[in-house]
Each structure stands twice: as C-alpha cells, then as structure tokens.
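If you want the building blocks of each chain, they are given just below.
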There are 2 protein chains.
Amino acid sequence: MSIVVHKYGGTSVGTPEKIKNVAARIKKVRDLGNQVVVIVSAMGHTTDELIALMQKITPEPDPREYDMLISTGEQVSASLLAMALQSINCPAISLTGGQAGVQTEDIYRKARITHVHLERLQKELKTGKVVVITGFQGIDSKGDIITIGRGGSDTSAVAIAAALKADVCEIYTDVDGVYTTDPRIVKEARKLSFITYEEMLELASLGAQVLHLRAVECASIYGITIHLRSSEKEDQGTFIEEAKKMEKKEAVRGIALDENIAKIGVLKVPDKPGIAAKIFTALANEKINVDMIVQSIHSSGSLADMAFSVERPDLKQAVEVAKKVAKELKAENVVADDDVAKVSLVGIGMVSQPGTAAKMFETLSNEKINIQMIATSEIKISCVVKREAGKKAVQILHKAFGLDKVS
Amino acid sequence: MSIVVHKYGGTSVGTPEKIKNVAARIKKVRDLGNQVVVIVSAMGHTTDELIALMQKITPEPDPREYDMLISTGEQVSASLLAMALQSINCPAISLTGGQAGVQTEDIYRKARITHVHLERLQKELKTGKVVVITGFQGIDSKGDIITIGRGGSDTSAVAIAAALKADVCEIYTDVDGVYTTDPRIVKEARKLSFITYEEMLELASLGAQVLHLRAVECASIYGITIHLRSSEKEDQGTFIEEAKKMEKKEAVRGIALDENIAKIGVLKVPDKPGIAAKIFTALANEKINVDMIVQSIHSSGSLADMAFSVERPDLKQAVEVAKKVAKELKAENVVADDDVAKVSLVGIGMVSQPGTAAKMFETLSNEKINIQMIATSEIKISCVVKREAGKKAVQILHKAFGLDKVS
C-alpha cells in the first residue's frame with residue numbers, strides 16, 4: 001500500500017463545485033488501494049478577504065493574532081473537503097496543522113517546520129480514512145497557531161510527505177507544469193517532464209508563481225519527488241526530483257527572463273581587501289536584496305569596478321547607499337541603470353558542457369544584442385541586456401539551445 | 001485585583017466598527033486595574049454563512065467536520081478583537097477554546113464542558129494581558145475541536161468564570177436585561193434588576209433568545225452571578241443570581257407567554273398503574289417533547305383523563321402516537337387543540353405566598369378568560385387559555401401583580 005500526498009491550491013478548491021471535483025479525484029486514488037493525505041490551501045480569495053477585514057481594525061496587526069486569524073481559511077476548506085469526501089462514501093477526516101503534528105519554530109508568520117509528529121496522522125490512515133490537513137500552518141512549542149509564509153501550503157505538503165516517507169508529493173495547481181520558458185514570450189515553450197531541484201530553484205522567476213521555493217528546498221533535503229500538475233486535467237505535469245534520476249543530455253533546461261531588475265556600478269574603487277564587504281554590508285543593513293554581483297579587474301591594476309543588480313523598486317535607495325560607501329572608499333563614481341533585463345540559462349548539465357556560455361554569448365552577438373553584465377554559477381548563466389532586448393534574447397536562445405524540440 | 005469575565009454576542013462584534021467599540025469598553029475595565037477575560041461569539045451571521053456554504057457540499061455533514069468548520073467563526077472574531085485591543089495600547093491575546101484549556105466531553109456538536117485547565121489562561125493574565133477566548137467551543141480528549149451547541153458562548157463564559165472564581169460573568173447582548181414580560185405585549189413591562197437562576201430557567205420563553213439556558217444552569221451550579229446587559233449602553237442590566245442574595249418581597253417576578261403549544265387529551269382511560277408511563281414513553285421514543293402534564297381525577301372514579309401539551313409543530317405526530325397508545329389502554333378517545341396559549345407566572349417567592357394561584361385564576365375569570373388546563377410547580381403557575389386570549393391575559397396579570405411598579 002502506497003502513501004500518496006496531494007496538495008490543492010486555493011484556486012483548485014475555490015468553490016463548492018471545485019471541492020467536489022477534487023473529492024472525486026481523491027476518491028479514485030484511494031480506491032486504487034492507496035493511503036491518501038491531502039493538504040489544502042484556503043478557498044480562492046479567502047485569505048485576502050480576511051486580510052481586508054483585518055485592515056479595518058488595524059494596519060499593523062500583532063503577528064501572533066495575524067496567524068490566529070489567517071489560519072482559519074484552511075480550516076474551512078479542509079473541513080469542507082472532508083465532508084465532500086464523506087458524501088461520496090470516501091471515509092475522511094480533516095486535521096488542523098496542530099492536530100496533524102506539524103511542529104514549527106516559535107516565530108509567527110514565517111516559521112519553518114521543524115518536525116511532523118505522525119502519531120495521529122498514522123492512526124487515522126490505518127483506519128482507511130483520507131486525511132485532509134490544513135496547509136500553511138502548524139503549532140509552536142506553546143501550542144500557538146503559526147503560519148509559515150504566504151504560499152506555504154506547498155511546503156506543508158512536502159514536509160508531511162517527507163515525514164511519511166511518501167514516494168511523491170503531488171502538487172495540484174492551475175498550471176500544468178514547468179515550462180522551458182514563459183509561453184507568453186516563446187510560443188514553442190515546452191512543458192518539461194523532469195527538472196532537478198537546483199534547476200527549479202534557479203528558475204525561480206518561472207516557478208515562483210506556481211510553486212513555493214521553500215517547498216523545493218525542503219524536497220531536495222529529504223529527497224521527495226514533487227509532481228507539479230493541473231487539478232483540471234489528468235495529464236502528467238513536471239516531476240521535480242534529484243538529478244541522478246534524470247537524463248542529463250540537455251545542457252540547458254530552461255530560460256528565465258527577469259525584467260524587475262536594475263544595475264548599479266561603483267567604479268574605479270582603489271582595490272583593497274574588504275571593499276566588497278563594505279558595500280554589501282551597507283546594502284544588507286538597509287534590507288536591500290542584491291542579486292548578481294560582478295567584480296571585474298580594471299585595466300589600471302590598482303583600481304576595481306564593482307557591479308551588482310537589485311530589484312527595480314529598491315534602485316533609488318540602493319544608489320544612495322552606494323554613493324555613501326563610494327565616498328568612504330574613494331571610488332570615482334556610481335552609475336545606475338534600470339533600463340535592463342536579465343536573461344538566464346539554467347541546466348544542471350551545463351557543468352559538464354563548457355561550450356554553453358560561449359554559445360549563449362555568440363547567439364546574442366549574432367542578433368546584435370549587447371551584453372552589459374555576466375554572472376555564472378555551475379548551473380546558471382545570467383546576462384544583463386538592454387530591457388527592450390530581453391524578450392528577443394529569450395526567443396533566440398530558446399531556439400538555439402533546441403528547447404522547442406521534444407527530447 | 002478582580003477577575004472580570006465579559007461575553008460579547010455575535011451582534012455586538014458584528015462589524016469592525018463594533019469590535020472597536022467593544023475594545024474601548026474592555027480597555028476601560030482593564031485600566032481600572034482588573035484582570036479581564038473576554039469570550040466572543042462569531043461576527044454577525046458568520047455561522048449561518050458557514051452553514052450555507054456547507055449545505056452546498058452536503059446536507060448531512062459529519063458532526064466532527066461540522067465542528068471543525070463552524071468553530072472558525074469565533075477564531076476570526078477573537079483574533080480581530082485582540083488586534084483591536086492592541087491597537088489602542090491594551091495588551092491582549094486571543095486563545096482558541098483548546099488553547100484556553102476548555103475541555104469537553106467526546107461528543108461533537110453538543111458536548112458539555114467538563115473542565116477548564118487554567119495554566120495558560122492564568123499565565124497570560126499575570127502578564128497583564130486581556131485574554132480573548134473563542135466561545136462555543138473546546139477540545140475533547142483526542143484534541144479534536146468540539147462545539148457545545150448553538151448559543152453556547154454564554155455557557156463558555158460562565159464555565160470560564162466559574163473556573164477562575166470570578167465574581168460576575170457579564171454577558172453583553174443586544175437587549176438590556178430581563179423584563180417582567182415581553183415589552184411588545186405589555187408596554188409597562190419593567191426591567192428586573194435581579195432574578196434567580198430558577199426564575200430565569202422558568203422564564204425560558206422570555207429569556208431563551210437572550211441567554212443560553214445551559215449557561216444559567218451552569219451558573220446556578222457554581223454560584224456565578226450573571227450580569228445580562230447591553231453592549232450599547234453603560235446602564236446596569238439584570239443580575240441573575242442565587243435567591244439568598246435577593247429581596248423576595250415580590251411573589252411574582254415575571255410573566256411568560258408561549259404561543260407555540262398545542263394540547264392533547266387522552267380521555268376516560270381505565271385508571272391502572274402505569275398508564276402515564278405508557279403514554280409518555282411512547283412520546284419520548286418519537287422524540288416528542290412534552291411540556292405540561294396534567295392528570296385529573298375523573299368523576300367516574302375508575303377512569304382518568306390525561307392531558308398534556310407539546311410544541312405546536314409536533315402536534316400531528318403526537319396525536320398519532322397518543323391514538324395508538326389510547327387504543328392499547330382502552331381509552332375512550334383522544335382530543336387535540338392547537339388554538340391555545342400558555343400563560344405562566346414565575347417567581348421564587350410564590351412558595352411562601354399561597355394566594356398567588358387563586359389571585360391568578362380570579363384575575364383571568366374577571367376578564368372572562370376561561371382556563372383550560374392548569375399546571376403548577378413551586379415557583380411557576382401555568383394556565384392554558386384560548387390562543388386569542390393569551391396576550392390579554394399577560395396584560396391584566398402584569399397589572400394585577402404590580403409588575404409595572406418599580407419595587
């Protein structure tokens with residue numbers, strides 16, 4: 001008997017009718033002889049409605065009370081789904097995160113799950129019941145209700161799957177998988193059958209809307225395969241899993257475009273140990289998230305140029321911080337530009353295929369797309385280009401690396 | 001430092017604005033140096049809305065899942081009230097029934113509270129926080145969420161007040177107290193300053209809409225004074241408490257009219273031991289609630305007449321049961337009438353004032369109101385009269401017993 005873990009997002013349980021559809025799907029899986037655990041999000045816009053109600057009381061709620069309030073949405077959808085299952089003769093029980101043994105850190109609104117106590121869950125499974133668990137929440141050491149960050153139900157599902165040693169955690173959503181790139185940019189974009197955890201994390205901008213990244217991180221730690229798929233169709237979606245399970249022949253697996261960036265350069269800094277630390281500590285103190293960091297060697301030998309990218313809304317503040325530090329460091333000047341976009345190739349196979357970067361640069365060059373910044377990791381190459389060239393870059397790279405062809 | 005327990009019903013916390021008003025009232029009480037515990041119902045029609053949503057899934061929900069669903073309403077109002085308190089600089093924390101240590105029987109939807117574990121509650125009170133607790137719910141031995149019957153928040157409040165040995169449990173509602181009779185029938189109806197538990201229970205038809213009767217029962221067991229009052233005004237309401245604390249000079253304290261009854265007579269039954277048992281066991285087996293039971297002596301000596309009243313909607317079924325039993329008992333016939341009303345005088349002082357019944361009958365007689373059935377207990381006299389005479393009976397009795405005069 002296999003243990004199957006399903007997770008359904010807010011859209012998938014958005015109406016009583018949709019809840020009944022989900023129940024019918026779950027019943028089929030159970031009737032095949034599986035033990036089934038289901039994690040649910042709050043129905044549709046429930047969480048937003050609770051927040052709107054809260055705003056009428058206070059704009060700055062106490063985090064503990066916020067969790068107490070916001071966790072009710074999942075309790076509603078979980079009990080309704082259990083009722084829907086029972087009404088089609090499928091034994092079921094709903095459990096809150098706390099009842100299901102989901103233990104978290106003692107931090108409100110964004111705790112991490114520390115442990116899943118399985119006693120109650122396993123007891124209910126043994127009686128043949130489908131166990132429906134409220135996503136996005138657990139309890140802390142005081143017994144307080146704790147939420148784990150917006151979108152956290154994915155992480156709940158993976159953590160519970162890991163604790164149960166389930167083979168797969170099926171995450172049902174309103175898209176049918178992970179694509180080689182955004183299908184709105186490249187119409188030949190292809191659904192990937194498989195992708196590694198690392199690739200999924202690097203493709204954040206493709207995946208963040210459909211999958212909570214902490215869920216991927218958690219799955220990679222515990223070796224849980226995530227099957228990301230549509231709650232409307234029966235088709236297979238994308239399996240997110242360990243590299244060793246996968247074919248590696250394609251060096252490049254996906255292409256991401258990020259138009260929400262801006263670049264800053266601190267130029268001609270006298271090259272001494274500690275200049276990078278000074279700049280990025282100052283930015284971190286202001287809670288400014290830095291993405292790419294590039295330090296190049298300046299022709300003068302005793303001077304360095306330091307370039308980095310930030311999220312576009314942070315540009316103004318980041319420039320102020322950079323100017324202040326530049327003065328201390330006696331840098332010549334600070335330049336900034338938000339008319340840029342970042343194009344990234346991601347693929348775990350790139351490690352063993354050194355020609356990928358060269359091919360990327362050549363492809364862009366052939367189309368007269370100028371590269372302003374380059375950063376590389378073992379499984380990702382990112383280029384900053386002029387903003388207007390971003391989509392074009394994705395399209396030609398998608399073709400050049402054969403992502404439009406079924407492998 | 002006193003412990004003060006407040007309970008606010010759904011209407012009193014029906015909107016964010018009303019929640020803020022309640023918070024302001026609570027802060028004043030705390031600022032006087034009291035330890036304050038607040039029990040809240042769900043906002044306005046939340047519970048009904050959850051039930052309507054549920055009906056779209058299934059008309060017959062599992063009781064456990066029903067409790068899981070329905071208990072979320074109080075969690076929303078409790079967290080919002082805690083936030084409202086915090087936003088006006090009044091330290092506060094919300095607790096679910098389970099977190100507050102409210103232990104119930106292992107019965108869904110209608111459990112009784114068995115114990116209140118005070119550890120967490122007292123810990124929070126010691127830090128100076130107002131503790132806001134979800135009414136209407138607790139947890140059972142398995143840690144499942146259990147509700148205690150519609151309107152159960154009053155009982156939650158009294159049970160928590162009893163556990164904390166609070167002097168008074170203040171129940172805030174949308175009426176300002178208990179009246180000598182329904183003010184819609186008698187415009188001179190007067191708010192009672194005090195009433196005993198027993199009187200309140202007997203005045204069920206006056207009080208049921210404003211106060212859960214199990215709360216009164218619980219208060220009488222633990223000697224908790226209930227102060228029933230308006231959440232809109234600062235005026236004192238009605239204190240419901242032990243007889244010994246009260247002046248007893250008024251024999252009659254209140255008059256209730258029940259128009260939702262019907263009477264049935266099983267006539268000329270051969271008088272043998274066990275006939276009453278036969279009739280009322282048969283009715284109980286059909287879950288028919290019997291109110292008044294009157295057995296009179298028949299002139300024949302060897303025959304008895306048995307009369308009783310039921311709730312009007314149960315009449316048809318009750319007659320069928322009565323006819324069946326009548327046949328077995330060889331009774332002559334069964335008569336039924338739903339064109340009746342019951343008028344009851346209630347007062348703990350009646351025990352020591354034997355003229356009350358006579359005065360009641362004479363008053364009705366003077367107005368040519370015919371009495372069809374009489375039943376008496378130590379603190380209540382009920383007469384069944386023609387339905388159209390019910391209101392008139394209440395009006396003349398209210399005047400005759402001086403209930404319109406401030407004592």
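Residues numbered from 1 in each chain as written. Chains lettered and ligands numbered in written order. Predicted model: local features only at pLDDT ≥ 70, side-chain atom pairs only at ≥ 80, totals over all residues.

Convention followed: UniProt positions are given in the numbering used here, feature names are shortened, and annotations may be inferred rather than shown by experiment.
As recorded by an unreviewed UniProt entry, chain A carries the name Aspartokinase. Comment text from UniProt for chain A, heading Catalytic activity (unreviewed entry), reads "L-aspartate + ATP = 4-phospho-L-aspartate + ADP".

### Some points on the overall build of chain A
Applied cut-off: Helix numbers and strand numbers start at the N terminus; a helix is a DSSP run of H or I with at least 4 residues, a strand a run of E with at least 2. Here the C-beta atoms are placed from the backbone, and a residue counts as buried if at least 20 other C-beta atoms lie within 10 Å of its own, exposed if 12 or fewer do, and partly exposed otherwise. Two residues form a contact once the distance between their C-beta atoms, set from the backbone, is within 7 Å.
A tally of helices and strands in chain A yields 13 helices and 20 strands. For chain A, the spread of C-alpha atoms along the three principal axes comes to 75 × 50 × 35 Å. Residue burial in chain A is summarised as follows: out of 407 residues, 49% are buried. A separation of at least 24 residues holds for 74% of the contacts in chain A among residues at least 6 apart in sequence.

### Considerations on the interface of chain B and chain A
Operational definition: Ten residues, namely Ala, Val, Leu, Ile, Met, Phe, Trp, Tyr, Cys and Pro, are considered nonpolar, four, namely Asp, Glu, Lys and Arg, are considered charged, and the remaining ones, Gly among them, are considered polar.
In this complex, chain B contributes 27 residues to the contact, which on the side of chain A involves 27 residues. Broken down by element, the residue count for the side of chain B that touches chain A peaks at ten residues, all from helix α4 (residues 72-87) of chain B. Taken together, the residues of the side of chain B that touches chain A break down into 14 nonpolar, nine polar and four charged.

### Some details on the UniProt feature "binding site: ATP" (unreviewed entry) in chain A
All names here are of chain A. Under the present numbering, the feature "binding site: ATP" (unreviewed entry) in UniProt falls on Lys7, Tyr8, Gly9, Gly10, Thr173, Asp174, Tyr179 and Arg184. An extended arrangement is adopted by the annotated residues: their sequence extent is 178 residues, and the largest C-alpha distance between any two is 26.3 Å. Along the chain, the position of lysine 7 falls in strand β1 (residues 3-8). Judged by the 30 C-beta atoms lying within 10 Å of it, lysine 7 falls in the buried class. Excluding residues within four positions of it along the chain, lysine 7 makes contact with Ile39, Gly135, Ser153, Asp154, Ala157, Cys169, Glu170, Ile171 and Tyr172. Each residue touching tyrosine 8, except ones within four places of it in the same chain, is listed here: Val13, Val22, Val38, Val40, Ser41, Tyr172 and Ser231.

### Digging into the relation of the copies chain B and chain A
Keep this limit in mind: In superposing the copies, a least-squares fit is computed on C-alpha atoms, taking residues whose pLDDT is at least 70 in both.
For these two chains of identical sequence, chain B goes onto chain A by a turn of 180° and a shift of 0.1 Å along the axis, with RMSD 0.1 Å. Overall, the copies show the geometry of a two-fold rotation axis. Residues of chain B ranked by C-alpha distance from the rotation axis are headed by threonine 72 of chain B, positioned 2.8 Å from it. When you check the interface residues of chain B against chain A, 96% turn up at the interface there too, and the contact is symmetric in its surfaces.

### Focus on the sheet that holds strand β20 (residues 380-386) of chain B
All names here are of chain B. The condition that has to hold: DSSP-based pairing: two strands are paired if at least 2 bridges between them are found. As a rule, the C-alpha atoms of each element are fitted with a line to give its axis, helices using only the stretch in contact, and angles between N-to-C directions run from 0 to 180 degrees.
Strand order in this open sheet of four strands is β13-β18-β20-β19, and the pairing throughout is antiparallel. Each edge of the sheet is formed by a strand with only one pairing partner; in this case those strands are β13 (254-258) and β19 (371-377). Each strand axis lies, on average, 15° off the axis of its neighbour in the sheet, ignoring direction. Sheet analysis places β19 next to β20, joined by six bridges and oriented antiparallel. The residue of β20 that forms the bridge with isoleucine 371 is valine 385.

### So, the sheet that holds β1 of chain A
Residue and element names in this part refer to chain A. Taken together, eight strands build an open sheet; the order of strands is β3-β6-β2-β1-β9-β11-β12-β10 and the sheet is mixed. Strand pairing shows two members of the sheet lacking a second neighbour, β3 (92-95) and β10 (194-196), which therefore form its edges. Between one strand axis and the next, the sheet turns through 20° on average, direction left out of account.

### Considerations on the nonpolar core
What counts, and what does not: The term nonpolar core refers to a set of buried Ala, Val, Leu, Ile, Met, Phe, Trp, Tyr and Cys residues connected through C-beta atoms within 7 Å.
Residues Val38, Leu81 and Ile160 of chain A together with Val38, Leu81 and Ile160 of chain B are the most contacted members of the largest nonpolar core, which totals 253 residues. Ignoring anything within four residues of it in the chain, the contact list for leucine 81 of chain B reads Val13, Ile19, Val22, Ala23, Val38, Val40, Ser94 and Val132 of chain B.

### Observations regarding the environment of glutamine 236 of chain A
In this structure, glutamine 236 of chain A sits in the loop between β11 (225-230) and β12 (238-241). For glutamine 236 of chain A and glycine 355 of chain A, which are 119 residues apart along the polypeptide, the C-alpha to C-alpha distance reads 33 Å.

### Brief notes about the confidence of the model for chain A
Rule in force here: Scored from 0 to 100, pLDDT records how confident the predictor is in each individual residue.
Taken over all residues, the pLDDT of chain A has a mean of 90, while the share at 70 or more is 96%. Across the assembled chains, the prediction reports ipTM 0.80 with pTM 0.82.

### Some remarks on the pairing of strand β20 (residues 380-386) of chain A
Residues and elements named next belong to chain A. Of all seven residues in β20, six are buried, a share of seventy percent or more. The pairing of strand β19 (residues 371-376) with β20 spans five bridges and is classified as antiparallel. Note on β20: the bridge partner recorded for isoleucine 374 is cysteine 383. Hairpin remark: β19 followed by β20, antiparallel, with three residues in the connecting loop.

### Here we look at the packing of helix α12 (residues 355-366) of chain A against helix α13 (residues 390-400) of chain A
Packed helix pairs are specified by the crossing angle of their axes together with the interaxial distance, meaning the distance between the axes. Residues and elements named next belong to chain A. Counted only if it meets this: Here is the rule for angles: anything less than 35 degrees is roughly parallel, anything more than 145 is roughly antiparallel, 65 through 115 is roughly perpendicular, and the remaining ranges are oblique. By convention the crossing between two helices is left-handed if the near helix lies anticlockwise of the far one by an angle smaller than a right angle, and right-handed if it lies clockwise.
Across the interface, α12 lies against α13 with an axial gap of 10 Å and an inter-helix angle of 130°. The orientation of α12 with respect to α13, classified from their angle, is oblique. As for how α12 packs across α13, the hand of that crossing is right-handed. Of the residues in α13, those in contact with Lys359, Met360, Thr363 and Leu364 of α12 are Ala393, Ile396, Leu397 and Ala400.

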